[in-house]
Amino acid sequence: MRVCSVLLMLFVPCTFGLNEQIEGPQSPAEQPQWLADIRGQRRSTLQQIGFKGGVFNIPEVVWTQTSYIQVQMHPYDRFFYNLKERRFTVDKYLRDVGERYGGLDSMLVWASYTNLGMDDRNQYDMMRALPGGLSALTNITSQLHSHGIRVLWPYNPWDQGTRDEGRSDEESLAMLLNLTGADGFNGDTMESIPQSFWQASVEESHPLALEPELGGDDDSLNWTTLGWGYWKYRHIPAVDRFKWLDARRLTHVCNRWAQDHTDDLQAAFFNGDGFVAWENVWGTWNELVPADAEATRRIGHMLRYFGPLGFLQSADWEPHSPSVIQSDDVFASMWPHGSERLWTLVNRGAQTAFGPQIAIEHPRDDWFYYDCYHGKPLSPQGGNGSVITLEFEIEALGYGCILATPNATLDSHPLPFTSHNTDGNLTVFLREMEEMTAKPLSSFRRTWEYLPQEMVDIPATERVGVAPRGMVLVPGGSFHFQVKGVEIEGDDAHGVDVQFPWEAHPQREHDRLLDLSTFYIDKTPVTCSEFADFLQHSGYSPADGHNFLHNWPDWRSHTFPAGAANKPVTYVSLAEARLYCAWAGKRLPHSYEWQYAAQGNDSRLYPWGNELDPSKFPAQHSGRAAPGPDDVLAHSPAGDSPFGVADLVGNVWQFTDEFQDKHTRAVLVRGSSNYRPSGSKWYFPAALELNLHNKYFLMADSYERAATLGFRCVVDAL
C-alpha cells in the first residue's frame with residue numbers, strides 16, 4: 001500500500017527514501033500517470049528555487065557529471081604510502097583498485113577524523129601533517145590528475161573546537177584546495193553546503209565541486225553538482241530525486257558498512273549514478289567482495305562509456321520505462337540522446353531472466369540494437385505493427401544494457417576530462433564488455449571475510465635483576481586482561497578495533513587470562529629533560545621535522561620550554577618513542593603490561609581505585625589550544641597505581657602496542673590526556689578508565705606527533 005502521494009513525494013520524507021528518493025510506480029499500469037506527476041513536480045520545484053541551469057556547465061566542474069566511481073580513502077593506507085621508503089605510492093594504490101574493481105574517477109582523501117581531536121590540530125593541520133605537507137599533496141593531486149582522477153578533501157564543519165585557523169572555513173578550503181590543485185570537497189555530516197563556499201571558490205578563481213554527505217537540498221542545486229546518497233531500498237527501484245531535477249547532477253550511492261552492495265550498485269546503475277567504493281572505513285577494512293568488485297567494474301565501464309557521450313545527462317530520461325516486458329523483477333531506465341536510445345536494466349530477482357525483455361517501436365529497418373552488457377548485437381523479433389522485442393539474458397541480481405541506434409558506430413563526442421577515455425567506437429566497447437562478462441557474476445565469491453591483523457612484535461630487552469633508575473618493579477603473575485576500544489564507529493561484525501594474537505579476528509572487546517613475566521616500568525612518562533639527554537647523546541635528528549618537539553624553543557640545542565623539565569615529552573612519533581627506549585636499553589610496554597602496571601589484579605577502573613577522583617589526576621581542558629601537560633609527579637603518590645606507578649591517566653596519552661593489516665597501521669594509546677576539544681562528539685574519544693583504550697592511526701612521524709601524546713618504557717626482569 002502506498003503511504004504518500006506522488007505529489008508529496010518530492011517534498012515530504014513519508015516513510016521511504018527521505019528527501020533524496022522518489023518511490024517508483026507500484027505497477028506498470030501506474031507508470032504513465034506517475035511519470036506525468038513527477039514531471040510536473042519537477043517543473044514546479046525548479047521554478048520554486050529559481051533554477052537557471054546551476055553551475056553544471058562551469059568548465060571546472062563539468063567532470064562531476066561523469067565521476068561515477070569514487071573512493072573514500074585514508075592517505076595512511078599502506079597501499080598509498082610506503083613508510084620504509086618514505087614516499088607516496090599512488091600507482092600501487094591505483095593498480096590495486098584497477099585490478100579489483102576497474103579503477104576510479106574521483107578520490108576523497110580523508111586525513112582528519114578519526115585522529116582529529118587527539119590534540120588541538122585542526123582539520124587543515126591534519127592535511128599539512130601528511131609527510132611532505134602541502135607540497136606532497138600538490139604532487140599527489142597532479143599524479144591523480146595524470147590518471148584522469150579528480151581529488152576531493154573532506155570538510156568537517158563540526159571542527160570548531162581545535163586551533164583557530166584565523167580565517168573562515170570558506171576561505172580556508174578555497175585557498176588550500178587552490179594551492180594544492182584539488183577539485184572539490186565532501187561536506188561531512190552536511191545535509192547541504194551553503195552557497196558561501198561556492199562563492200569563496202569562485203573568488204579564489206578556482207571553482208570547486210561541492211558534495212554534501214547527506215545528499216543536498218533543493219536550493220543548493222543552484223551551486224552544487226554532486227552529493228552522496230544513503231538510500232533505502234525496496235524491490236521496485238526508487239528514483240534519485242536530485243538527478244531527476246537535473247540529470248546532470250550525480251549522486252554517489254554510499255553504504256559504508258554493507259557487506260553486500262547489490263542494492264547500492266543496482267540503484268546507481270538504474271539511475272545513471274555513481275558509487276562510493278569505500279573499503280577502508282576509519283581503519284576497519286570492509287572489502288568489496290569479489291562479486292561486488294566485479295559488478296563495480298562492469299557497471300563502471302558502461303557508465304564511463306555512455307556518460308561522456310551524453311546519454312546519462314538526458315533531460316528526457318524516463319525511469320521505469322514501460323518497454324520492459326518482464327516487469328516483476330526487471331526494471332529499466334530509458335535514456336534518449338538525439339535519435340538514439342539507451343536502456344539501463346537491473347534484475348532485482350533471484351532468478352535469471354531469459355527470453356524477450358523489452359518491446360519498443362522499431363523506427364526503420366536499418367536500425368541497430370546492441371546488448372551492451374554482453375557486448376553482442378541483437379536481432380529484433382517482429383511483433384504487432386512497428387513494435388519489436390529484444391531477447392537477451394539478465395542474470396539473477398544482475399544488469400542489462402541495451403542501445404538502439406541508427407549508426408553502427410557512435411559519432412557523438414565525449415565530455416572532457418574523463419578518467420577512462422572513449423573515442424566513441426562502439427565496436428571496441430562491445431568487445432571489451434564481451435570479454436568482461438564472459439563469466440557470470442554468480443561465479444565470483446560473495447561471502448565477506450575479515451582482514452586479519454597482526455600485533456607488531458616488541459623485542460625483549462636484556463633482562464636485569466635490579467630496578468634501573470626511575471623504574472618500579474611489576475611482579476609477574478596471572479592477569480585478567482579485560483579492555484575495549486572506544487572508537488566511535490564500527491562493530492565486531494566488521495572487525496573494528498584490533499586483533500590480539502589469541503583472537504580469531506579484530507574485535508572491540510578483549511578478555512583473556514594472561515600469565516605475565518616480571519618487568520620494570522618507568523614510574524612516570526619520559527620527561528622533557530630525559531628526552532633532551534637522549535638528543536644530546538644520540539645525535540638524533542628527524543628526517544621530517546614537521547611538528548617535532550613543536551613546543552620546544554630549540555630542539556637542536558636540546559632546549560625545552562622553561563619549567564618543563566619534569567613534564568612529559570610530547571610531539572614525538574611512535575618511531576621516536578621506540579628510538580628513545582632502545583637508546584635507554586628499554587622498550588615500549590605491551591598494552592596489557594601497561595594495564596597490569598596501572599590496575600594490579602583487582603580490575604580497578606583507575607590507578608587509585610574505582611571512584612573517579614579529580615584530585616588524583618590533572619585538570620581537564622577543552623579550549624581551542626592544548627594547555628600542555630602537568631608535571632609527571634604532580635598527583636603522586638595519591639594517583640599512583642598499586643605498584644607505585646605514577647601519572648597513568650589524564651595527563652598524556654601513552655604509546656603501547658602497534659597493530660597492522662595489509663592496509664592500515666595503528667597504535668593502542670592508553671590513559672587519555674588532559675585535553676579534548678569541545679563541541680562535537682566526533683573528536684578523538686577519551687579513555688580515562690583503565691579498561692578502555694583508543695586506536696590512533698599511524699602513517700609517518702609528521703602525522704603522528706601530537707601535543708597530548710607521550711610514552712613510558714619497560715625493561716624485562718630476570
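Here the structure is a predicted model, which means the values were calculated and not measured. (Residues numbered from 1 in each chain as written. Predicted model: local features only at pLDDT ≥ 70, side-chain atom pairs only at ≥ 80, totals over all residues. Heavy atoms only, no water.)

Student: Requested: an account of the overall build of the protein, with residues and values cited.
Tutor: Looking only at helices and strands, the protein has 15 helices and 33 strands in total. By the compact-globule yardstick of 27 Å for 718 residues, the protein fits well, its C-alpha radius of gyration being 29 Å. Reported as C-alpha extents along the three principal axes, the dimensions of the protein are approximately 100 × 55 × 45 Å. Buried positions account for 61% of the 718 residues belonging to the protein. Of the contacts formed within the protein by residues at least 6 apart in sequence, a portion of 76% connects residues at least 24 apart. Carbon and sulfur atoms provide 50% of the accessible area of the protein, an area that totals close to 26,400 Å². Between the mean site of the 57 positive side-chain charges and the mean site of the 91 negative ones, the protein shows a separation of 2 Å. (Helix = DSSP H or I, 4+ residues; strand = E, 2+ residues; numbered from the N terminus. Rg over C-alpha atoms; globule rule 2.2 N^0.38 Å. Buried < 20%, exposed > 50% of the residue type's maximum accessible area, 1.4 Å probe, protein only. Contact = heavy atoms within 4.5 Å. Areas by Shrake-Rupley, 256 points an atom, 1.4 Å probe, with all protein chains shown as cover. Lys, Arg positive; Asp, Glu negative; His and termini not counted. Charge placed at Lys NZ, Arg CZ, Asp CG, Glu CD.)

Student: Report on the packing of aromatic side chains, specifying residues and quantitative values.
Tutor: The final tally for this structure, using the stated rule, is 49 aromatic pairs. Plain terms: the ring middles of F481 and F500 are 5.4 Å apart, the flat faces sit at 85 degrees to each other, and that makes the pair edge-to-face. On the criterion of sequence distance, the pair formed by F481 in strand β26 (residues 477-485) and F500 in the loop between β26 and β27 (509-516) is long-range, its members being 19 residues apart. F500 shares its class with F481; the two are buried. Site record: aromatic cluster; members linked through ring pairs are W110, Y113, W158, W228, Y230, W278, W282, W682 and Y683. (Phe/Tyr/Trp six-rings, centres within 6.5 Å; stacked < 30°, edge-to-face > 60°.)

Student: So what's going on with the pattern of salt bridges? Residues and values would help.
Tutor: Evaluated as defined, the whole model comprises 35 salt bridges. Its salt-bridge partner being K567, residue D631 comes within 3.3 Å of it at the nearest N-O pair. Here K567 lies in the loop between α12 (528-538) and α13 (574-583) and D631 lies in the loop between α14 (591-599) and β29 (653-660), a separation of 64 residues in the sequence. Overall, D631 belongs to the partly exposed group, its relative accessible area being 31%. D716 is the salt-bridge partner of R587, the closest N and O atoms lying 2.7 Å from each other. (Salt bridge = Lys/Arg side-chain N within 4 Å of Asp/Glu carboxyl O.)

Student: Before we move on, can you summarise the pairing of strand β23 (residues 399-405) with the specific residues and values?
Tutor: Across the seven residues that make up β23, a large majority, seven, are buried. Neither face of β23 is exposed, since Y399, C401, L403 and T405 on one face and G400, I402 and A404 on the opposite face are all buried. Where strand β19 (residues 368-371) and β23 come together, four bridges link them in antiparallel fashion. Residue pairing across strands places F368 opposite T405, the latter belonging to β23. (Pairing = 2+ DSSP bridges.)

Student: Give a detailed account of a negative patch on the surface, specifying residues and quantitative values.
Tutor: Taken together, the side chains of D491, D492, E509 and D511 present a region of like negative charge at the surface. For D491, the position within the fold is in the loop between β26 and β27. (Patch = residues over 30% accessible without salt bridge, like charges linked within 9 Å, V, L, I, M, F, W, Y side chains within 5 Å.)

Student: Give a detailed account of the confidence of the model for the protein, specifying residues and quantitative values.
Tutor: Residues shown with low pLDDT carry predicted positions that ought not to be read at fine detail. For the protein, the mean per-residue pLDDT works out to 94, and 95% of the residues sit at or above 70. Counted against residues more than four places away or in other chains, residues 1-18, with its pLDDT under 50, gives 39 contacts. Every residue in residues 410-422 is under pLDDT 50, and counting partners more than four places away or in other chains gives 42 contacts. (pLDDT = per-residue confidence, 0-100.)

Student: Give a description of empty space enclosed by the protein that names residues and reports values.
Tutor: Counted according to the given criterion, the structure contains nine cavities of 30 Å³ or more. Taken as a whole, the largest cavity encloses approximately 150 Å³ of empty space. As for the largest cavity, its lining consists of 18 residues, and the residues nearest its centre are T114, W282, E487, I488 and F697. By residue number, the principal contributor to the lining of the largest cavity is strand β31 (residues 692-697), which donates three residues. Grouping the amino acids of the lining of the largest cavity by side-chain chemistry returns eleven nonpolar, three polar and four charged. (1 Å grid on protein atoms, 1.4 Å probe; cavity = no way out; pocket = protein on both sides within 12 Å on 5 of 7 lines; lining within 4 Å. Points joined across faces, edges and corners; volume = space filled by probe spheres on them. Nonpolar A, V, L, I, M, F, W, Y, C, P; charged D, E, K, R; others polar.)

Student: Let's hear about the sheet that holds strand β15 (residues 318-319): which residues, and what values?
Tutor: Spatial strand order, β15-β16-β17-β23-β19-β20: six strands in an open sheet with antiparallel pairing. Every interior strand has two partners, whereas the edge strands, β15 and β20 (376-378), have only one. Here six bridges tie strand β17 (residues 340-347) to β23, and the two strands are oriented antiparallel to one another. Of the residues in β23, the one forming a bridge with V346 is Y399.

Student: How would you explain the sheet that holds strand β33 (residues 714-716) if you had to name every residue and give the values?
Tutor: Spatial strand order, β25-β28-β33: three strands in an open sheet with antiparallel pairing. Of all strands in the sheet, those with a lone pairing partner are β25 (471-474) and β33, marking the two edges. Looking at each pair of strands side by side, their axes are set apart by 25 degrees on average, direction ignored. Two strands pair when backbone bridges link them, and β25 and strand β28 (residues 519-522) are joined in this way by four bridges, in the antiparallel orientation. Following the sheet pairing, V474 is matched in β28 by F519. Strand contacts of α14: β25, β28 and β33, with the helix running at about 80 degrees to β28, the strand carrying the most contacts. (Axes fitted to C-alpha atoms, helices over the stretch in contact; angles between N-to-C directions.)

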